[in-house]
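Structural overview
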Amino acid sequence: MPREIRLFNTLTRRVETFRPLEPGRVRMYTCGPTVYNFVHIGNLRTFLFEDVLRRTLAAFGYRVTQVMNLTDIDDKTIKGAAAEGVTLREFTDRYVEAFFADIDALRVQRAEHYPRATEFIAHQVALVRRLSERGHTYVQDGSTYFRIATFPGYGKLSGLDVNEVKAGARVDADEYEKEDVRDFVLWKAAKPGEPAWDTELGLGRPGWHLECSAMGMALLGESFDIHTGAVDNIFPHHENEIAQSEGATGRPFVHTWLHAEHLVVEGQKMAKSAGNFFTLRDLLAKGHSPLAIRYLLVSVPYRQKLNFTFDGLHAAAAGVERIGNTLRRLAHTPAAAGEGALPAAAVEEFLAEFDGALADDLNTARALAAVHTLLTRVNQALDAGGIGERIRAGVEAALARVDAVLGIVPSVESEGAGDAEIDALVAERNAARKARDFGRADAIRGELTARGIVLEDTPHGTVWHRSA
RNA sequence: GGUGACGUAGCCAAGUGGUAAGGCAGGGGCCUGCAAAGCCCUCAUUCGGCGGUUCGACUCCGCCCGUCACCUCCA
């Protein structure tokens, strides 16, 4: 039996105990990138929330099937391809590839499916047909619209009163004519020079919201457990998905809706004009480590606004370092006889708190606090006389679980080994130290430091590793 | 105008009725030939402000101040 988890459902505005439709199995749909550009750290915050969600569910014993769409047909991709004079596919392929490279760098686990909107045109057309059969649509100037007046539940996710949504400066930005400004387009009539599909709906292309309904239902079923995105998706995107999906099937579309808060940079909304807009690539180019970025983005619970700062990034890097240092000490310190200075209860308490925090609507800040408390106890025990073999294995297993869920544990495995030249320098330095020739010893250490090698003289000998 | 968040130490942040987790930064100390790593001590008599409820409130209620988000491009 999987462990229970409590999640805040946007639909009910409450933290609820999560119950999958099929016991032990979770089907989740996560809104993915529009592939017209490199993803920025705000996108990444959301993807990382989804990654921690799927990892937590898996660690808790659920079998997870995750779908993440790749939006490769919309105004932005069309514009981008046209601007460069390449086909839509060539243009979007580039950013799909970049997207995968970026999430790989951040250790995001792959979803089971990454459907592209352009590869599910038939499903989208079929969905519109079902909506038409049930009287939810109308056609105007070759485009097909969803008439929200036919869907009584409209507004239930966002809590917006549709009657309050009035035509104004911000409404009806798109050029297509609608019967009612609140209606949204399902199928857009072709415009000259734009990609179009010749279908029973006429020559055109799918509207923005259609792909998620069609692909979600195609890959996960007409009703599934979880649908996620960032808060700005609540309205109109997810509201419209519900209308489209439930309008077509007459069944509940999604049981639990989860939304990640936005991130701000140095307290300001991230915007290109403000000069605080960062892609992953920007940060890596500045020399920040992917693991530190991941740690920072994961350290604030997903429903909290995250203030991304360079101070915070340095703190995150320090946090990652501390985990690695402790793991390294643990590996290099000989095991104590028997239980040693760390009681087995310390590990058990940690696991209970760590899992408890995650089960509480993914409270990653609390989970991380538990990790640090464990690290302190481990270091105390290491100072106090060592840790027994069995307990040490328990600590390592616990940190492996931390890594399985949060993905923030640096690898110390292959460090400090297999480099005969460095080993020789270390040996030479130790000979100098023994001879009390500290000038020579420090010169060697200085040289190694310049090469990015960190030395540690422990009671059990000198160990070295490469600085992060 | 409508709807909804948030305001805890220098910074990030947990807690949400029982007397303030954790991390980073800072100060002092131990260890070390010196470092590195680690450990110890220290760092909010107080949780935006003012009232109220309560034996007791950071936690509940009211008002006020401030910051922010969404209201059909937006992760």
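Computed from a predicted model, the values in this text were never measured in an experiment.

This part is about the overall build of chain A. A count of helices and strands for chain A gives 14 helices and 16 strands. Taken along the three principal axes of its C-alpha coordinates, chain A extends 90 × 50 × 35 Å. In chain A, 76% of the contacts between residues at least 6 apart in sequence involve partners at least 24 apart. If you sum the accessible surface of chain A, you get close to 20700 Å²; carbon and sulfur atoms cover 51% of it. Placing the 54 positive and 64 negative side-chain charges of chain A at their respective mean positions leaves the two points 3 Å apart.

Take the sheet that holds strand β8 (residues 197-199) next. Across the sheet, which stays open at both edges, the 5 strands sit in the order β5-β6-β7-β9-β8 with antiparallel pairing between neighbours. On the outer flanks of this sheet lie β5 (137-140) and β8, each paired with one strand and no other. Across the sheet, the mean angle from the axis of one strand to that of its neighbour is 40°, orientation sign disregarded. As defined by bridge partners, β5 adjoins strand β6 (residues 143-146) across 4 bridges and the pair is classed as antiparallel. Pairing of Val139 across the sheet is with Thr144, part of β6. Together, β5, β6, β7 (184-189), β8 and β9 (202-206) form the strand contacts of helix α4 (residues 121-133), whose direction differs from that of β7 by roughly 125°.

As a further point, take empty space enclosed by the protein. Going through the model one piece at a time under the given rule, you end up with 2 cavities of 30 Å³ or more. Of the volumes computed, that of the largest cavity is approximately 90 Å³. Forming the walls of the largest cavity are Arg45, Leu48, Phe49, Val52, Leu297, Val298, Val300, Pro301, Tyr302, Leu362 and Thr364. Per-class residue counts for the lining of the largest cavity are 9 nonpolar, 1 polar and 1 charged. Its volume calculated, the second largest cavity comes out at about 60 Å³. When contributions to the lining of the second largest cavity are tallied by element, the ones reaching two or more residues are α1 (41-59), β4 (63-68) and α3 (88-105). Tallied by class, residues from the lining of the second largest cavity come to 7 nonpolar, 2 polar and 2 charged.

For the rest of this paragraph, the subject is the layout of surface pockets. Regions of empty space are outlined by a rolling probe, equal in size to a water molecule, passed over the atoms. Roughly 430 Å³ of volume is contained in the second largest pocket. In this structure, the second largest pocket is lined by 24 residues; those nearest its centre are Ser289, Leu291, Val320, Glu321 and Ala468. For the lining of the second largest pocket, the elements supplying multiple residues, two or more each, are α8 (290-299), α9 (310-332) and β16 (461-466). Per-element accounting of the lining of the second largest pocket gives the leading share, 8 residues, to α9. A breakdown of the residues in the lining of the second largest pocket according to their chemical character gives 11 nonpolar, 8 polar and 5 charged.

What follows deals with the protein's contact with RNA strand B. Neighbouring residues of RNA strand B: 51 residues in total, closest Arg182, Trp208, Ala230, Gln380 and Arg445. Here RNA strand B approaches the protein such that, of its atoms within 4 Å, sugar and phosphate make up 66%. Thr46 is positioned with one of its side-chain polar atoms (N or O) 3.2 Å from a base nitrogen of RNA strand B. Of all elements in the fold, only α1, α6 (234-249), α9, α11 (364-384), α13 (420-434), α14 (438-450) and β15 (453-458) reach the threshold of two or more residues within the surface near RNA strand B. The element contributing the most residues to the surface near RNA strand B is α11, with 9 residues. Looking at the surface near RNA strand B, its residues break down into 19 nonpolar, 15 polar and 17 charged.

This paragraph deals with the side chain of Asp361. Considering the arrangement of structural elements, one finds Asp361 in the loop between α10 (344-359) and α11. Among the polar contacts made by the side chain of Asp361, one reaches the side chain of Tyr302 at a distance of 2.6 Å. When neighbours within four sequence positions are excluded, Asp361 is seen to be in contact with Arg6, Leu7, Phe8, Tyr302 and Arg303.

What follows concerns α8. The buried count for α8 comes to 9 of 10 residues, which makes it a mostly enclosed element. If you check which residues of α8 are buried, you get Leu291, Ala292, Ile293, Arg294, Tyr295, Leu296, Leu297, Val298 and Ser299.

Side-chain alternation along β6 places Ser143 and Tyr145 on one buried face and Thr144 and Phe146 on a second face that is also buried. In this structure, the hairpin formed by β5 and β6 is closed by a connection of 2 residues, where Asp141 is found at a positive phi of approximately 50°. Across 3 bridges, the pairing between β6 and β7 is antiparallel. The residue of β7 that forms the bridge with Tyr145 is Val185.

The subject of this paragraph is helix α2 (residues 75-84). Of the residues making up α2, those classed as buried are Thr77, Ile78, Gly80 and Ala81. Projected down its long axis, α2 shows its buried positions confined to an angular sector of 165°, all on one face. Exposed residues on α2 whose side chains face more than 90 degrees from its buried face are Lys79, Ala82 and Ala83. Just beyond α2, the residue with positive phi is Gly85, at close to 65°.

What follows covers the confidence of the model for chain A. On average, residues of chain A score 92 in pLDDT, and 96% of them reach the 70 mark or higher. The low-confidence segment residues 166-176 (pLDDT under 50) makes 11 contacts with residues lying over four places distant or belonging to another chain. This complex was scored by the predictor with a pTM of 0.95 and an ipTM of 0.95.

Conventions adopted
Residues numbered from 1 in each chain as written. Chains lettered and ligands numbered in written order. Predicted model: local features only at pLDDT ≥ 70, side-chain atom pairs only at ≥ 80, totals over all residues. Heavy atoms only, no water. Helix = DSSP H or I, 4+ residues; strand = E, 2+ residues; numbered from the N terminus. Contact = heavy atoms within 4.5 Å. Areas by Shrake-Rupley, 256 points an atom, 1.4 Å probe, with all protein chains shown as cover. Lys, Arg positive; Asp, Glu negative; His and termini not counted. Charge placed at Lys NZ, Arg CZ, Asp CG, Glu CD. Pairing = 2+ DSSP bridges. Axes fitted to C-alpha atoms, helices over the stretch in contact; angles between N-to-C directions. 1 Å grid on protein atoms, 1.4 Å probe; cavity = no way out; pocket = protein on both sides within 12 Å on 5 of 7 lines; lining within 4 Å. Points joined across faces, edges and corners; volume = space filled by probe spheres on them. Nonpolar A, V, L, I, M, F, W, Y, C, P; charged D, E, K, R; others polar. Near = heavy atom within 4 Å. Polar contact = N/O pair within 3.5 Å; in protein donor to acceptor, adjacent residues only side chain to side chain. Buried < 20%, exposed > 50% of the residue type's maximum accessible area, 1.4 Å probe, protein only. Arc of directions from axis to C-beta. pLDDT = per-residue confidence, 0-100.

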